[in-house]
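Each chain, written out:
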Amino acid sequence: MQFTAQQVAILLNGTLEGDPGVTVNQLAKIEEGIQGSLTFLANPKYEAYLYNTMASIVVISNDLELTQPVIPTLIRVKDPYSSFSVLLEKYNTIKLDKKGIEQPSYIHPSAKVGKEVYIGAFAYIGQNVVVGDNSKVYPHVYLGDNVQVGDNCTLFSGVKVYSDCVLGNNVIVHSSAVIGSDGFGFAPQKDGTYTKVSQIGNVVIGDDVEIGSNTSIDRATIGSTLIRSGVKLDNLIQVAHNVEIGANTVIASQTGVSGSAKVGENSVIGGQVGIVGHINIAKGSQIQAKSGINRSIEEEGKKWAGAPATNYTNHMRAQVVLQRLPELERKIEELQRRIQELTQLPEQK
Amino acid sequence: MQFTAQQVAILLNGTLEGDPGVTVNQLAKIEEGIQGSLTFLANPKYEAYLYNTMASIVVISNDLELTQPVIPTLIRVKDPYSSFSVLLEKYNTIKLDKKGIEQPSYIHPSAKVGKEVYIGAFAYIGQNVVVGDNSKVYPHVYLGDNVQVGDNCTLFSGVKVYSDCVLGNNVIVHSSAVIGSDGFGFAPQKDGTYTKVSQIGNVVIGDDVEIGSNTSIDRATIGSTLIRSGVKLDNLIQVAHNVEIGANTVIASQTGVSGSAKVGENSVIGGQVGIVGHINIAKGSQIQAKSGINRSIEEEGKKWAGAPATNYTNHMRAQVVLQRLPELERKIEELQRRIQELTQLPEQK
Amino acid sequence: MQFTAQQVAILLNGTLEGDPGVTVNQLAKIEEGIQGSLTFLANPKYEAYLYNTMASIVVISNDLELTQPVIPTLIRVKDPYSSFSVLLEKYNTIKLDKKGIEQPSYIHPSAKVGKEVYIGAFAYIGQNVVVGDNSKVYPHVYLGDNVQVGDNCTLFSGVKVYSDCVLGNNVIVHSSAVIGSDGFGFAPQKDGTYTKVSQIGNVVIGDDVEIGSNTSIDRATIGSTLIRSGVKLDNLIQVAHNVEIGANTVIASQTGVSGSAKVGENSVIGGQVGIVGHINIAKGSQIQAKSGINRSIEEEGKKWAGAPATNYTNHMRAQVVLQRLPELERKIEELQRRIQELTQLPEQK
């Protein structure tokens, strides 16, 4: 992809200063700008870079008064940060704008594939699968029988969706994520072995959800594991059977949510957190990385930390004292000695 | 799949009350029963649902006396829960009953594939591989050279089995699980770099093992990493080289077992547990989620918790006191002050 | 693969005692040596095995004086352990020596593939991709547009590399590892939803890097996520956007490094560690398994443990006392009681 300063200025509705014909083919941070790149200056702290950068185009504020001569072509806009975000998204949309059906791919005759889709080579689309308009199914994606994928979805290479699972619109799933694997359910037998409990439910994912690479979401035993609209899951997350993650909740990498737990909407959960099964977490909860949640949280909008988790402030205070524990122990021994002396004094007299 | 009440009654050897021709195509919990679904009532606590459910068929106990009129067709059996489990399994078996070899797939001429197998499109079966009867190899599965897969196994889409690994009978492996990747072995060099230690062993998996999605099991340096019969591993678990997991041991999601550790049979290990290398864990051990096991456990059948782990009861007690640490510290300071006063009293007199 | 004792002796430049025609087809530990296997005796502790082993060939030291008759053919060398390592590597090189392009595979006409490569069936090689000489791209590997892979690389089955990422020479990536998935970046909106921040950077991996199975490395928002030369990453590791891992740093399984963190070179990081974003970790740091690093580490070459992490020795001491907390609490209560008595004594008189 290559753009002229003129093209970018029109796109951003900005004012051009310098050579309108200079071309760029990448975006960069101002401190890393090289020739052929476009960058931006939003934070005045970085203004010094403007006068040294090798970038070909810099997007700056209408208000910025230059204090030295500049080499790159400038594009002046009202809000450089927002304008740069527009360019980022534009760039990404163009880059990922794949269309068409590559061969060899496997599309069962009973499947319904929408308009303007991309189906990569080696993608597998099973019986009765529905793929919505403008969706992208990258190479090595597996969509089991009866899977439904909405419009404008992107399933990157190697995503696996087991039979009967449902994805809404505008869903992005990253490579090697697994949706709909069996829940971990086994009935212990008298001889010490376990019998598998069949997992016949599915996973239902709302709209505008993003799921990270190597994340696993298990199907429900019966019914549905629910990932509500707007949820963002990072990489390597475990979501067990019959879990419900409330709308617009964000979960960082390597966190695990055990079976039948319900996480309230608009919660923010750090990385490597563990949540036990069959509990409810109130909406708006904020849970610090590495916490272990072993009971329901009923108060909405609070911060939690520790394993087992407690009120965030208490936890942080206890952690500080924890480091002084050996010293505290010595103090207690000293107190015991002194009290011993005190109580013995009368006897000695 | 669609069944009549008549067909279900015969399958369960139950007594039918109501319309024998009503049809169902899914199974549901009684509180979620919709038209066209079959559900069951085992727990008397849920009896009220029986009189309101929209389910088409409900399996109930021979002994249940109805106190109100019911709309669905009833099937009376001795033990509704067991009967429902039979249906779950039946449903799952029918749903997953794939057979035949889809194209394009890659089967090396030297490979031996059993009877009644399913080989999905884009599956890769390398040199000298053996796949037993009735086994299912889903799309995008990779079986490296000399891999052996027993009878009645199911390898879901995207499972990767490196060369020379061996799977027993009735083994289920979920999507994107990796069996036989290289153990993490490097010899530090004087210049700060590391030289790879070749990992030429394999992984041997017994019968009736289930392995979750995105789980990694590394091959041994020499010899075999051993997953004994009846073991159930959840998703996103790490099993390092030369580990041995004893028969019928169950491990929850995101736990890691380091190199050459031996976990005894019939143990139950929670999620996000870490087990260091070269230790033994006695059989029947129960390890709480998030624990860190840094030394061998020699007593059988005990409960452990914490990181580093200790006796479960002690750990839970210490955790409770931990939250009171700042308060304890204040008490100690108060004691010091009072003792100071006491010892100064005589002098002041 | 099958070798005669004669062939092995020549390879190791060793002296043969016994039948030069005996053949072996595998390597084993001396305590597990079976017929047809080659083993070695380096540690005198294991000498007893030499006189009982069923192995066909044993590599021993020039200096070893036999005290009993031995059955296997012996090959005497200066350093049996080093010689055995040579055989391990030789064995592995031969076993993994795949060449040629299997069909069906997908290689975009614009891609450049080097000499002596292996491209497995169902591998996907996108537009403008470069694959260097002697590299191996196993089945189901995905190389997105513009990806560069150096010479002598091995990408095992199911590795996914997103567009624009760059791998150096001698890089090994294990199955289902994902390189270049989108960083976890979302801008919170006033209505509680999140807007995706486009992630247009890439991942750049140096030479001699090994990456474990099911590990995720996210692409940078802008610029590059950097894995420097000589880094070894175990399985199921999370590396977030814009992270930099310094040269020759080793990270064990299930550890997570958050966005924009920089880990210094020659560090050793245990399993299940969490590192927060936007911090620096000094070179040569050693971090114990399960630690949580929540602030920059400035001193080089130190040991850290705990969550939040602290000096290793302090942490271990505090952990020991932690188990005695309930006892400490009782002691404090006892002290309070005794002081109470002491201060009341005068009054009672």
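About the criteria used
- Residues numbered from 1 in each chain as written.
- Chains lettered and ligands numbered in written order.
- Predicted model: local features only at pLDDT ≥ 70, side-chain atom pairs only at ≥ 80, totals over all residues.
- Heavy atoms only, no water.
- Contact = heavy atoms within 4.5 Å.
- Buried area = accessible area lost by both parts, 1.4 Å probe.
- Salt bridge = Lys/Arg side-chain N within 4 Å of Asp/Glu carboxyl O.
- Polar contact = N/O pair within 3.5 Å; in protein donor to acceptor, adjacent residues only side chain to side chain.
- Helix = DSSP H or I, 4+ residues; strand = E, 2+ residues; numbered from the N terminus.
- Least-squares fit on C-alpha atoms with pLDDT ≥ 70 in both.
- Pairing = 2+ DSSP bridges.
- Axes fitted to C-alpha atoms, helices over the stretch in contact; angles between N-to-C directions.
- Buried < 20%, exposed > 50% of the residue type's maximum accessible area, 1.4 Å probe, protein only.
- Arc of directions from axis to C-beta.
- Domains from an automatic or database assignment.
- Nonpolar A, V, L, I, M, F, W, Y, C, P; charged D, E, K, R; others polar.
- Expected span 1.5 Å × (residues − 1).
- Core = buried A, V, L, I, M, F, W, Y, C linked by side-chain atoms within 4.5 Å.
- 1 Å grid on protein atoms, 1.4 Å probe; cavity = no way out; pocket = protein on both sides within 12 Å on 5 of 7 lines; lining within 4 Å.
- Points joined across faces, edges and corners; volume = space filled by probe spheres on them.
- Patch = residues over 30% accessible without salt bridge, like charges linked within 9 Å, V, L, I, M, F, W, Y side chains within 5 Å.
- Areas by Shrake-Rupley, 256 points an atom, 1.4 Å probe, with all protein chains shown as cover.
- Parallel < 35°, antiparallel > 145°, perpendicular 65-115°, else oblique.
- Left-handed = near helix turned anticlockwise from the far one by under 90°.

A. The arrangement of the interface of chain C and chain B in detail. The interface of chain C with chain B comprises 58 residues on the first partner and 66 residues on the second. When the two sides are added together, the surface that chain C and chain B hide from each other amounts to roughly 4900 Å², 61% of it contributed by carbon and sulfur. Together, Phe122, Glu329 and Ile339 of chain C form the three largest contributors to the area buried by chain C at its contact with chain B, with a combined 11%. In this structure, the salt-bridge partner of Lys95 of chain C is Asp164 of chain B, at a minimum N-O distance of 3.5 Å. Linking chain C with chain B are 27 residue pairs in polar contact (both at pLDDT 80 or more). Only helix H3 (80-95), strand E28 (232-233), strand E31 (250-251), helix H4 (312-323) and helix H5 (325-348) of chain C provide two or more residues apiece to the side of chain C that touches chain B. Considering every element that reaches the side of chain C that touches chain B, the biggest residue donor is H5 of chain C, with 10 residues.

B. Representation of the relation of the copies chain B and chain A. Taken as rigid bodies, chain B and chain A are interconverted by a rotation of 120° and an axial shift of 0.1 Å, the fit giving an RMSD of 0.2 Å. Read as a symmetry element, the transformation amounts to a three-fold axis.

C. Fine view of the sheet that holds strand E4 (residues 26-27) of chain B. All names here are of chain B. One open sheet holds the 5 strands; their spatial order is E2-E7-E6-E5-E4, and the pairing between them is mixed. Looking along the sheet, the strands with just one partner apiece sit at the ends: strand E2 (15-17) and E4. Sheet analysis places strand E5 (residues 37-40) next to strand E6 (residues 57-61), joined by 3 bridges and oriented parallel. When the sheet's bridge partners are listed, Phe40 is paired in E6 with Val59. Packed on one face of the sheet, helix H1 (residues 5-12) meets E2, E5, E6 and strand E7 (73-77) and runs near 5° to E7. Packing against the sheet, helix H3 (residues 80-95) makes contact with E4, E5, E6 and E7, and its axis sits at approximately 145° to E5.

D. Inspection of the pattern of salt bridges at higher detail. All names here are of chain A. On inspection of all chains with the given rule, the structure shows 36 salt bridges over all chains. The salt bridge partner of Asp97 is Lys99, with a shortest N-O separation of 3.1 Å. Accessibility expressed as a relative area gives 45% for Asp97, which makes it partly exposed. By relative accessible area, Lys99 is classed as partly exposed at 40%.

E. Local environment of helix H1 (residues 5-12) of chain C. Residue and element names in this part refer to chain C. Inspection of H1 places Ala5, Val8, Ala9 and Leu12 among the buried residues, and these make up the whole buried set. Burial along H1 is one-sided: seen end-on, the buried residues are contained in an arc of 100°. Taken together, the buried residues of H1 touch strand E1 (3-4), strand E2 (15-17), strand E5 (37-40), strand E6 (57-61), strand E7 (73-77) and H3. Immediately downstream of H1, the backbone of Asn13 shows phi near 55°, a positive value.

F. Expanded view of the domain arrangement of chain A. Taken domain by domain, chain A comprises domain 1 (3-95), domain 2 (159-308) and domain 3 (314-348). Spacing between the C-alpha centres of domain 2 of chain A and domain 3 of chain A amounts to 45 Å.

G. Local environment of the side chain of Thr225 of chain A. All names here are of chain A. Within the secondary structure, Thr225 sits in strand E27 (residues 224-227). Taking the relative accessible area as the measure of exposure, Thr225 reaches 0% and is therefore buried. Within the structure, Thr225 has its side chain in polar contact with the backbone nitrogen of Ala220 (distance 3.2 Å). Apart from residues no more than four positions distant in its own chain, Thr225 is found in contact with Asn202, Val203, Val204, Ile217, Asp218, Arg219, Ala220, Val239, Ala240, His241, Asn242 and Val243.

H. Region of interest: the interface of chain B and chain A. The partner chain A presents 65 residues to the 58 residues of chain B that form the contact. Buried surface at the junction of chain B and chain A, both sides included, amounts to about 4900 Å², of which 61% is carbon and sulfur. Here chain B and chain A share 4 salt bridges between them. Across the chain B-chain A interface, the total number found is 27 residue pairs in polar contact (both at pLDDT 80 or more). A class-by-class count of the residues in the side of chain B that touches chain A yields 26 nonpolar, 21 polar and 11 charged.

I. A look at the side chain of Gln272 of chain C. Note that Gln272 of chain C resides in the loop between strand E34 (268-269) and strand E35 (274-275). At a separation of 3.4 Å, a polar atom in the side chain of Gln272 of chain C contacts the main-chain carbonyl oxygen of Gln254 of chain B. A polar atom in the side chain of Gln272 of chain C sits 3.0 Å from the backbone oxygen of Val273 of chain B.

J. Region of the structure containing helix H4 (residues 312-323) of chain B. Residue and element names in this part refer to chain B. The end-to-end C-alpha distance of H4 is 17 Å, a good match for the 16 Å that 12 residues give at a rise of 1.5 Å each. Along H4, the residues classified as buried are His315, Ala318, Gln319, Val321 and Leu322. Angularly, the buried residues of H4 cover 165° about the axis, an arc narrow enough to put them on a single face. N-cap assignment for H4: the residue whose side-chain oxygen lies 2.9 Å from the backbone N of Thr313 is Asn311.

K. Quick look at the nonpolar core. If you look at the biggest cluster of nonpolar residues, it comprises 183 residues, and the most contacted ones within it are Leu143 and Ile275 of chain A, Leu143 and Ile275 of chain B together with Leu143 and Ile275 of chain C. If we ignore the near neighbours within four places in the chain, the residues touching Leu143 of chain B are Tyr124, Ile125, Gly126, Val129, Val131, Val137, Val149, Leu155 and Val161 of chain B. Leu335 of chain A, Leu322 and Ile332 of chain B together with Leu335 of chain C belong to the second-largest nonpolar core, a separate cluster that totals 24 residues.

L. Representation of the layout of surface pockets. In this structure, the second largest pocket spans a volume of roughly 950 Å³. Lining of the second largest pocket is provided by 44 residues; of these, Asn146, Ser163 and Asp164 of chain B together with Tyr91 and Lys95 of chain C occupy positions nearest its centre. Only strand E4 (26-27) and H3 of chain C provide two or more residues apiece to the lining of the second largest pocket. With 4 residues, H3 of chain C is the largest single contributor of residues to the lining of the second largest pocket. Looking at the lining of the second largest pocket residue by residue, the classes come out as 17 nonpolar, 17 polar and 10 charged.

M. Inspection of unusual backbone geometry at higher detail. Going from Gln103 of chain A to Pro104 of chain A, the amide bond is cis rather than trans, its omega being -5°. When you line up the elements, Pro104 of chain A lands in the loop between strand E8 (100-101) and strand E9 (106-107). Despite not being glycine, Gln272 of chain B shows a phi value in the positive range, around 60°. The residue His140 of chain C is not glycine, and still its phi comes out positive at about 70°. Within the secondary structure layout, His140 of chain C lies in the loop between strand E14 (136-137) and strand E15 (142-143). With relative accessibility at 1%, the residue His140 of chain C sits in the buried group.

N. Geometry of a nonpolar patch on the surface. All names here are of chain C. Nonpolar side chains collect at one region of the surface, where Ile101, Ile107 and Val113 lie side by side and expose about 200 Å² of accessible area between them. The topology assignment puts Val113 in strand E10 (residues 112-113). Look at Val113 and you get partly exposed, because its relative accessible area is 30%.

O. Focus on the sheet that holds strand E12 (residues 124-125) of chain A. All names here are of chain A. As summarised here, the arrangement of the 10 strands in space is E9-E12-E15-E18-E21-E26-E29-E32-E35-E38, forming an open sheet in which the pairing is parallel. Edge strands, defined here as strands with exactly one partner in the open sheet, are E9 and strand E38 (292-293). Here strand E18 (residues 160-161) runs beside strand E21 (residues 178-181); their pairing, made up of 2 bridges, is parallel. Opposite Val161, over in E21, you have Ile179 as the bridge partner.

P. Highlighting the environment of Val86 of chain B. The residue Val86 of chain B is located in helix H3 in this model. Counting along the chain gives 75 residues from Val86 of chain B to Leu11 of chain B, while the straight-line C-alpha distance between them is 9.1 Å.

Q. Representation of the packing of helix H1 (residues 5-12) of chain A against helix H3 (residues 80-95) of chain A. All names here are of chain A. In contact at an axis separation of 10 Å, H1 and H3 are set at 110° when each is read in the N-to-C sense. One finds that H1 runs roughly perpendicular with respect to H3. Helix-helix and strand crossings are classified by hand; for H1 and H3 the assignment is right-handed. Across the interface between the two elements, Val8, Leu11 and Leu12 from H1 touch Ser83, Val86, Leu87 and Lys90 from H3. Looking at side-chain class alone, the contact of H1 with H3 contains 5 nonpolar, 1 polar and 1 charged residues.

R. The arrangement of the environment of Gly259 of chain B in detail. Residue and element names in this part refer to chain B. With respect to the element layout, Gly259 can be found in the loop between strand E32 (256-257) and strand E33 (262-263). You can call Gly259 buried: its relative accessible area is 13%. Gly259 sits 101 residues away from Gly158 along the chain, and the two C-alpha atoms are 25 Å apart. Ignoring sequence-local partners within four residues, the contact set of Gly259 consists of Ala240, His241, Val243, Gly277 and His278.

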